[in-house]
Amino acid sequence: MSMISRTLVPSRANREAVRFRSETLTCPIVCLRTVSKITFVTGNQGKLSEARERLEPLGFTVKSDARGYTEIQSDDLLSVCRFGLRELEGSLEAPFMLEDSGLFVDALDGFPGVYASFAYGTLGNDGILSLLRDVEERSARFRSVIGFQDGSDAVFLEGIVEGRIAHEKRGDAGFGFDPIFVPEGQERTFAEMTQAEKGRLSHRGQALDALVDHVNADGQG
Ligand code: ITT
């Protein structure tokens, strides 16, 4: 099995670490680090599987941890991640990550947004389709924010995929709202794609790519 072996290098202070919207909390002293194993704190097997597919071929080992964390009431994914990461610091060995994601439907004023998990559990895909019955404007986007703690820095990485809500459920792959989300430029829903195809287009795939870029850049000092 290939492993990423990186020379221990000093971290750079005040690094511009994040590709989309970001925040970096920087260790005031010079730290030594290398990252090859990441603990992903999530209870969502779909997220875990997508992270493993994206990261493990690059030499990372993704360990799952389902301990959970407090998801604060906020309309901002970044705030949820920041609070969760801070809560886990001290009780979990770094490096670790968490991810908060949501589906934002324009015709529903951004609903379900950060409440996607709750909305999926209560309304499900059928409920979203019912809310959009006879609605022609069906644009929507998935957003993902990953919070990553490497032991000295907390970094936040975002991915977004634009698309639209289908008129009916299609496909069996994936999880959550995948059967009703068609990414921009595509005809198939995420649930009609392989996990690898979805990962090349998805919000989570983009956020994971940004995480890899960050870790690689860090490894170069
Ligand atoms: P955690 O333990 O990681 O928090 P969760 O499922 O509660 O798992 P979120 O709070 O981020 O995760 O909820 C986001 C919800 O949005 C998720 O439960 C799905 O219903 C939906 N969702 C997020 N990303 C999705 C994707 O790639 N495909 C389909 N639905 C997705």
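Quick look at the structure, then.

Reading the values: the criteria
Residues numbered from 1 in each chain as written. Predicted model: local features only at pLDDT ≥ 70, side-chain atom pairs only at ≥ 80, totals over all residues. Heavy atoms only, no water. Helix = DSSP H or I, 4+ residues; strand = E, 2+ residues; numbered from the N terminus. Buried < 20%, exposed > 50% of the residue type's maximum accessible area, 1.4 Å probe, protein only. Expected span 1.5 Å × (residues − 1). Contact = heavy atoms within 4.5 Å. Polar contact = N/O pair within 3.5 Å; in protein donor to acceptor, adjacent residues only side chain to side chain. 1 Å grid on protein atoms, 1.4 Å probe; cavity = no way out; pocket = protein on both sides within 12 Å on 5 of 7 lines; lining within 4 Å. Points joined across faces, edges and corners; volume = space filled by probe spheres on them. Nonpolar A, V, L, I, M, F, W, Y, C, P; charged D, E, K, R; others polar.

### Considerations on unusual backbone geometry
For the peptide bond that leads from Ala-94 to Pro-95, omega is 0°, which places it in the cis range. If you trace the backbone, Pro-95 turns up in the loop between helix H2 (77-88) and strand E6 (96-105). Residue Asp-134 is not a glycine yet carries a positive backbone phi of 70°. Examined against the element boundaries, Asp-134 turns out to sit in the loop between helix H4 (124-131) and strand E8 (139-149). Residue classification places Asp-134 among the exposed residues on the basis of a relative accessible area of 73%.

### Quick word on H2
Between the first and last C-alpha of H2 there are 17 Å, a value that for 12 residues agrees with the 16 Å anticipated at 1.5 Å per step. Looking at H2, one finds that the buried residues are Leu-77, Leu-78, Ser-79, Val-80, Cys-81, Gly-84, Leu-85 and Leu-88. Among the structural elements, strand E4 (37-41), E6, E8 and strand E9 (154-165) are those in contact with the buried residues of H2. A distance of 3.2 Å separates the backbone nitrogen of Leu-78 from a side-chain oxygen at the start of H2, and that oxygen is part of Asp-76. Two residues or fewer past H2, Gly-90 is found with a positive phi of approximately 100°.

### Focus: the layout of surface pockets
Here the largest pocket defines a volume of roughly 660 Å³. Forming the walls of the largest pocket are 32 residues, and the residues nearest its centre are Lys-47, Asp-100, Ser-101, Ala-116 and Ser-117. Secondary-structure elements contributing two or more residues to the lining of the largest pocket are E6, helix H3 (116-122) and helix H6 (203-219). Within the lining of the largest pocket, the residues separate by chemical class into 14 nonpolar, 11 polar and seven charged.

### Things to note about H4
Of all the residues in H4, the buried ones are Gly-124, Asn-125, Gly-127, Ile-128 and Leu-129. Where H4 is buried, its residues meet strand E7 (112-113), H3 and E9.

All we've got here are geometric facts, nothing functional implied.
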